[in-house]
Amino acid sequence: MTLPIRPIPQPGILDIAPYLPGKSGAPGSAAIKLSANESPLGASPKALAAMMEAAAHLEIYPEGSSRLLREALGEVHGIDPASIVCGNGSDDLLHLLAQIYLGEGDEAVMNRFGFSVYPIITKATGARIVMVDERDYQADIDAILAAVSARTKVVWLANPNNPTGTYLSDADVRRLHAGLRPDILLVIDSAYAEYVTAADYNVGLDLVREASNVVMVRTFSKMGLAAVRIGWMVGPDHVVDAIHRIRGPFNVNLPAQMAGAAAVQDVEFTQRLKEHNRYWRDWLTEELSGNHLRVVPSQANFIMVLFEGADAAARAFTILLEAGYIVREIGPSYGIDNGLRISIGSEEAMRGVAAVLKSMDGTR
Ligand SMILES: *Cc1c(COP(=O)(O)O)cnc(C)c1O
């Protein structure tokens, strides 16, 4: 059989399984979406107002370096704006980091239940992804260090992690970093930083300042602006310089830049989200624990619920869906067949989900 002559993707691209997003409801359905860790309180009203204002002149190219957004981030977080790079969602920045630091023959190390974007962006460069088993869903630092080889160029670490919700303390992340060669880039993906309440957590900024091989990546998606697509990262000058060389020249659109700048400054809204999340995360964890269920303690804006088997998890998913709640199946993308990931939503949604799960006869 002769194949038609046509453009051929680079080796490995067609072996990549596409990212599976959280299920959405049918347009116009009343289903409540708890599958993508979105804000239950909407967006900051100040961000919305800034975005509308920015929409007045869509014919003009945005300022390409997201200067106003970087300055707002710098002011609120105490960071030099020159060491910040913004992106079209943090996925944009993660892709750029992979493209810059990985290639054919290289390896990147990650946790087996780490964020499912890391294998995609690693393999897209021709590099190999090395998966490290957790211990009871908690990252195992010794195992990560043992998995590092002469070919390792990047370590991907979500802290807290999605979909498990577990986190590493400042001391643990430092121990991990101390065990890495200085030519290995440690990427600390702090996508859920706004929601962490543990006192021994560090968002990663201190290590970025002290070392020359650490970057911290952040997103606005989990704090009310997922649709707008804004990510940002902080790193040493040499990394920032490399990213500026290859990023899209206008990679963050103007309405996003303006919404982001207003959202960062709306500290009160972020605090309200955090308080709501803390209360209902604790409440749902306590309500569901026992009842043949195990909830893995979470520092994020979702919880991972473990059932006694894959069948029970599938049944719970269906029953929740029938009751109008869309949660996230984590068998397909993560291989946690007996688990479901449930975003922290409104009070009504949390009470509803708890009632449904507790009424399942013997959730086993
Ligand atoms: C949601 C998420 C992101 C990113 O998202 P963007 O919407 O692309 O900013 C990054 N890392 C982790 C671990 C996430 O859960």
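Since this is a predicted model, take the numbers as computed values, not measurements.

Description of the overall build of the protein chain
- Check the secondary structure of the protein chain and you find 13 helices and 13 strands.
- In terms of C-alpha radius of gyration, the protein chain reaches 21 Å, essentially the compact-globule figure of 21 Å for 364 residues.
- Overall size of the protein chain, expressed as C-alpha extent along the three principal axes, is 55 × 55 × 50 Å.
- Put simply, the protein chain has 364 residues, and 54% of those count as buried.
- Pairs at least 24 apart in sequence give 75% of the contacts found in the protein chain among residues at least 6 apart.
- Summed over its atoms, the accessible surface of the protein chain is roughly 16,300 Å², and 54% of this surface lies on carbon and sulfur atoms.
- Side-chain charges of the protein chain comprise 32 positive and 42 negative groups, with the mean position of each set lying 2 Å from the other.

Some thoughts on the pattern of salt bridges
- For the structure shown, the criterion picks out 17 salt bridges.
- As a salt-bridge pair, lysine 153 and aspartate 106 come within 2.8 Å of each other at their nearest N and O atoms. Taken together, the residues span a long stretch of sequence, with lysine 153 in strand β5 (residues 152-158) and aspartate 106 in the loop between α3 (90-101) and β3 (107-111) at a distance of 47 residues.
- The partly exposed category is assigned to lysine 153, whose relative accessible area is 28%.
- According to the relative accessible area criterion, aspartate 106 is buried, its value standing at 12%.
- As a salt-bridge pair, aspartate 183 and arginine 181 come within 2.9 Å of each other at their nearest N and O atoms.
- One connected set of salt bridges, linked through shared partners, spans Asp170, Arg174 and Glu210.

Structural notes on α3
- The terminal C-alpha atoms of α3 lie 17 Å apart, and with 12 residues this matches the ideal 16 Å at 1.5 Å per residue to within 8%.
- Three or more residues of α3 are buried, namely Ser90, Leu93, Leu94, Leu96, Leu97 and Ala98.

Notes on the sheet that holds strand β2 (residues 84-87)
- An order of β2-β8-β7-β6-β5-β3-β4 is seen for the 7 strands of this open sheet, with the pairing classed as mixed. Here the strands that pair on one side only, and so sit at the sheet edges, are β2 and β4 (128-132). Direction aside, neighbouring strands of the sheet carry axes that sit 20° apart on average.
- In terms of strand pairing, β3 meets β5 through 3 bridges, oriented parallel. Across the sheet, valine 109 pairs through a bridge with valine 155, a residue of β5.
- The strands touched by α3 within the sheet are β2, β5, β6 (185-189), β7 (214-219) and β8 (231-234), with β7 carrying the most contacts at an inclination of about 155°.

Describing the site of the ligand
- Among the 13 residues in the neighbourhood of the ligand, the closest are listed as Asp189, Tyr192, Thr219, Ser221 and Lys222.
- Taking aspartate 189, its side chain carries an N or O atom lying 2.6 Å from a nitrogen atom of the ligand.
- If the ligand stood free it would expose 390 Å²; the protein chains cover 93% of that surface.
- Taken together, the residues of the shell around the ligand break down into 4 nonpolar, 5 polar and 4 charged.

Some remarks on the domain arrangement of the protein chain
- Domain assignment breaks the protein chain into domain 1 (13-43 + 268-359) and domain 2 (45-266).
- Taken together, the contact between domain 1 and domain 2 spans 34 residues of the former and 32 residues of the latter.
- When the two sides are added together, the surface that domain 1 and domain 2 hide from each other amounts to roughly 2,800 Å², 62% of it contributed by carbon and sulfur.
- At the junction of domain 1 with domain 2, the criterion picks out 1 salt bridge.
- On the surface where domain 1 and domain 2 come into contact, there are 13 residue pairs in polar contact (both at pLDDT 80 or more).
- Every element with two or more residues in the side of domain 1 that touches domain 2 is listed here: α10 (267-288), β9 (294-296), β10 (302-306) and α12 (331-334).

Concerning the packing of helix α1 (residues 45-54) against helix α9 (residues 254-265)
- Two elements in contact, α1 and α9, have axes whose closest approach is 8 Å; the angle formed by their N-to-C orientations is 150°. Comparing the axis directions of α1 and α9 gives the class roughly antiparallel. Our pair here, α1 against α9, has a crossing hand that is right-handed. Counted together, Lys46, Ala47, Ala50, Met51 and Ala54 of α1 and Leu254, Pro255, Met258, Ala259, Ala262 and Ala263 of α9 form the full contact between these two elements.
- Of the residues in the contact of α1 with α9, the class split is 10 nonpolar, no polar and 1 charged.

Remarks on the packing of aromatic side chains
- Applying the stated criterion across every chain, the model contains 9 aromatic pairs.
- Taking 4.5 Å as the distance between ring centres and 35° as the angle between the ring planes, the aromatic pair formed by tyrosine 61 and phenylalanine 250 counts as tilted. Residue tyrosine 61 is located in the loop between α1 and α2 (67-77), and its partner phenylalanine 250 is located in the loop between α8 (237-246) and α9; the two are separated by 189 residues in the primary sequence.
- Residue class for tyrosine 61 comes out exposed when judged on its relative accessible area of 63%.
- These aromatic residues form a ring-pair network of at least three members: Tyr19, Phe115, Tyr118 and Trp156.
- Positioned over the ring face of phenylalanine 302 is arginine 341, at 5.5 Å from the centre of the ring.

Rules and cut-offs
- Residues numbered from 1 in each chain as written.
- Predicted model: local features only at pLDDT ≥ 70, side-chain atom pairs only at ≥ 80, totals over all residues.
- Heavy atoms only, no water.
- Helix = DSSP H or I, 4+ residues; strand = E, 2+ residues; numbered from the N terminus.
- Rg over C-alpha atoms; globule rule 2.2 N^0.38 Å.
- Buried < 20%, exposed > 50% of the residue type's maximum accessible area, 1.4 Å probe, protein only.
- Contact = heavy atoms within 4.5 Å.
- Areas by Shrake-Rupley, 256 points an atom, 1.4 Å probe, with all protein chains shown as cover.
- Lys, Arg positive; Asp, Glu negative; His and termini not counted.
- Charge placed at Lys NZ, Arg CZ, Asp CG, Glu CD.
- Salt bridge = Lys/Arg side-chain N within 4 Å of Asp/Glu carboxyl O.
- Expected span 1.5 Å × (residues − 1).
- Pairing = 2+ DSSP bridges.
- Axes fitted to C-alpha atoms, helices over the stretch in contact; angles between N-to-C directions.
- Near = heavy atom within 4 Å.
- Polar contact = N/O pair within 3.5 Å; in protein donor to acceptor, adjacent residues only side chain to side chain.
- Nonpolar A, V, L, I, M, F, W, Y, C, P; charged D, E, K, R; others polar.
- Domains from an automatic or database assignment.
- Buried area = accessible area lost by both parts, 1.4 Å probe.
- Parallel < 35°, antiparallel > 145°, perpendicular 65-115°, else oblique.
- Left-handed = near helix turned anticlockwise from the far one by under 90°.
- Phe/Tyr/Trp six-rings, centres within 6.5 Å; stacked < 30°, edge-to-face > 60°.
- Lys NZ or Arg CZ within 6 Å of the ring centre and 35° of its normal.

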